[in-house]
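One-letter residues, chain by chain:
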Amino acid sequence: MSSVPPMKRILVVEYSQTGQLTAVLDALLAPLLEPGSGCLVHREKLRPIPPYPFPWPFWQFLDAFPETVAGVPPPLAPLAVDPGAAFDLVVVGYPVWFLSPPPPVTAFLHGDAGRALVRGRPVVTVTACRNMWLMAQEEMKRLLREAGAHHCDHVAVVDQGNAFATFITTPRWLLSGRRNAFWGLPPAGVAAGEIRACRRFGLALAEALRGDEEKRGAPLLRGLGASPVDPRLIASETIGRRSFRVWARILRRAGPPGAPLRRVFLAFYLVFLLCVIITVVPLSILLKAALRPLLRRKLDTLQAAFEQPSGADRSRLARFQ
């Protein structure tokens, strides 16, 4: 008699305000939910207390900046999953807030229950965002490392609009809830085709799990174009993250969320940020373009490092269409 292999248990931890990240995970997980996949999937949606609003009121959106960047975890509603449960694979899905992981995901990885669930487990991270995810993912790597997890793969799905367009369409979506095309600008968010294409990652994971590859410590999603890095954004993200940390400290010293003095400092910060975007960012782009031939080797090294562990090559795409 042939023995039936045990079902693979997959925990999916996610936080999505707009629903975009949920749609990405729906597409990715679809092959793992099909009959005969050999997988049991538990999806755990993080619930901060109180919940963050969507759409955001303008000042409340800005007021979330200091704690997000500082990594201050908010209270979470109790998890539905048993913290002592054992899983073969953990998937953590998150959007990017202010070049950082969102507070509910930070809270999960700071908490005893979250750490117990990822400790010693292979973890795949998945992000859907505007275009700048490098610094948030570096923070996620640190949090997972401190929790004792093995980070085996990362999937980054980004808005296909250009930087100018998304600078307008993304805030409009967050503050009004409207993501439609307008004034000749494209719809906000990740294109529907890009979301559907995330199915390839689920197909690859299903095959890898059938072969017990998650136990070997190697990436499971190489060759699928999982995390391509735009080298033009590396310097902007690095500088932006440092600036955000300085301002986060200043704003938190001005008082707790909602404090009148903090709102005054937030207004100063908003003016500062707009001035930087209008003046410093265009100049830095021109400077980077001029210096790129001299810095090509260093940029290539940084790009390759940020693309780890899954990489950007697409050599296996045809296999998982």
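Residues numbered from 1 in each chain as written. Predicted model: local features only at pLDDT ≥ 70, side-chain atom pairs only at ≥ 80, totals over all residues. Heavy atoms only, no water.

Visitor: Got a sec to walk through the overall build of the protein chain? Specific residues and values, please.
Guide: From N to C terminus, the protein chain includes eleven helices and five strands. Taken over the C-alpha atoms alone, the protein chain extends approximately 75 × 50 × 35 Å along its principal axes. Long-range pairs, those at least 24 residues apart, make up 82% of the contacts in the protein chain with a sequence separation of at least 6. Side chains of the protein chain give 39 positive and 24 negative charges; the mean places of these two sets differ by 5 Å. (Helix = DSSP H or I, 4+ residues; strand = E, 2+ residues; numbered from the N terminus. Contact = heavy atoms within 4.5 Å. Lys, Arg positive; Asp, Glu negative; His and termini not counted. Charge placed at Lys NZ, Arg CZ, Asp CG, Glu CD.)

Visitor: Provide a residue-level description of the sheet that holds strand β5 (residues 150-158), including the pertinent values.
Guide: On the basis of which strands lie adjacent, the open sheet formed by five strands has the order β2-β1-β3-β4-β5 and parallel pairing. Here the strands that pair on one side only, and so sit at the sheet edges, are β2 (39-45) and β5. Adjacent strand axes in the sheet meet at a mean angle of 20 degrees when their direction is disregarded. Relative to β2, strand β1 (residues 8-14) runs parallel, the two sharing seven bridges. Residue pairing for β2: Val12 is matched across the bridge by Arg43. (Pairing = 2+ DSSP bridges. Axes fitted to C-alpha atoms, helices over the stretch in contact; angles between N-to-C directions.)

Visitor: Summarise the packing of aromatic side chains; cite the residues concerned and give the values.
Guide: A full pass over the atoms with the stated rule returns 15 aromatic pairs. Relative to Phe244, the ring of Phe65 has its centre 5.2 Å away and its plane inclined at 90 degrees; by these criteria the two rings are edge-to-face. With Phe65 in helix α3 (residues 65-70) and Phe244 in helix α10 (residues 234-253), this residue pair connects regions lying 179 residues apart in the sequence. Residue classification places Phe244 among the buried residues on the basis of a relative accessible area of 12%. The structure contains a cluster of three or more aromatic residues connected by ring pairs, namely Tyr15, Tyr52, Trp56, Phe61, Phe65, Trp97, Phe98, Phe244, Trp247, Tyr269 and Phe272. The aromatic ring of Phe182 is capped on one face by Arg172, whose charged end is 3.9 Å from the ring centroid. Sitting over the face of the ring of Trp173, Arg179 holds its NZ or CZ atom 4.3 Å from the ring centroid. (Phe/Tyr/Trp six-rings, centres within 6.5 Å; stacked < 30°, edge-to-face > 60°. Buried < 20%, exposed > 50% of the residue type's maximum accessible area, 1.4 Å probe, protein only. Lys NZ or Arg CZ within 6 Å of the ring centre and 35° of its normal.)

Visitor: Can you tell me about the pattern of salt bridges, naming the residues and giving the values?
Guide: Under the criterion given, the structure shown has 14 salt bridges. Across the salt bridge formed by Arg252 and Glu67, the nearest N and O atoms sit 3.3 Å from each other. Remark: Glu67 occurs in helix α3 and Arg252 occurs in helix α10; sequence separation between them is 185 residues. The partner of Glu67 in a salt bridge is Arg262, and the shortest N-O contact between them spans 2.5 Å. With a gap of 195 residues between them, Glu67 in helix α3 and Arg262 in helix α11 (residues 260-306) connect regions that are remote in the sequence. (Salt bridge = Lys/Arg side-chain N within 4 Å of Asp/Glu carboxyl O.)

Visitor: Account for α10, with residues named and values stated.
Guide: Relative to the 28 Å expected for 20 residues at 1.5 Å per residue, α10 spans 29 Å between its end C-alpha atoms, a close match to the ideal helical length. Those residues of α10 not exposed but buried are Ile234, Glu237, Gly240, Arg241, Phe244, Trp247, Ala248 and Leu251. Burial along α10 is one-sided: seen end-on, the buried residues are contained in an arc of 145 degrees. Facing away from the buried surface of α10 by more than 90 degrees, the exposed residues are Ile239, Arg242 and Arg253. Immediately beyond the C-terminal end of α10, within one or two residues, lies Gly255, with a positive phi of roughly 135 degrees. (Expected span 1.5 Å × (residues − 1). Arc of directions from axis to C-beta.)

Visitor: Could you give an account of a nonpolar patch on the surface, with specific residues and numbers?
Guide: On the surface, Phe164, Phe167, Ile168, Leu274 and Ile278 cluster together into a nonpolar patch covering about 490 Å² of accessible area. The set of elements that each furnish at least two residues to the nonpolar patch consists of α7 (163-176) and α11. By residue number, the principal contributor to the nonpolar patch is α7, which donates three residues. Mapped onto the fold, Ile278 is located in helix α11. Judged by relative accessible area, which is 62%, Ile278 ranks as exposed. (Patch = residues over 30% accessible without salt bridge, like charges linked within 9 Å, V, L, I, M, F, W, Y side chains within 5 Å. Areas by Shrake-Rupley, 256 points an atom, 1.4 Å probe, with all protein chains shown as cover.)

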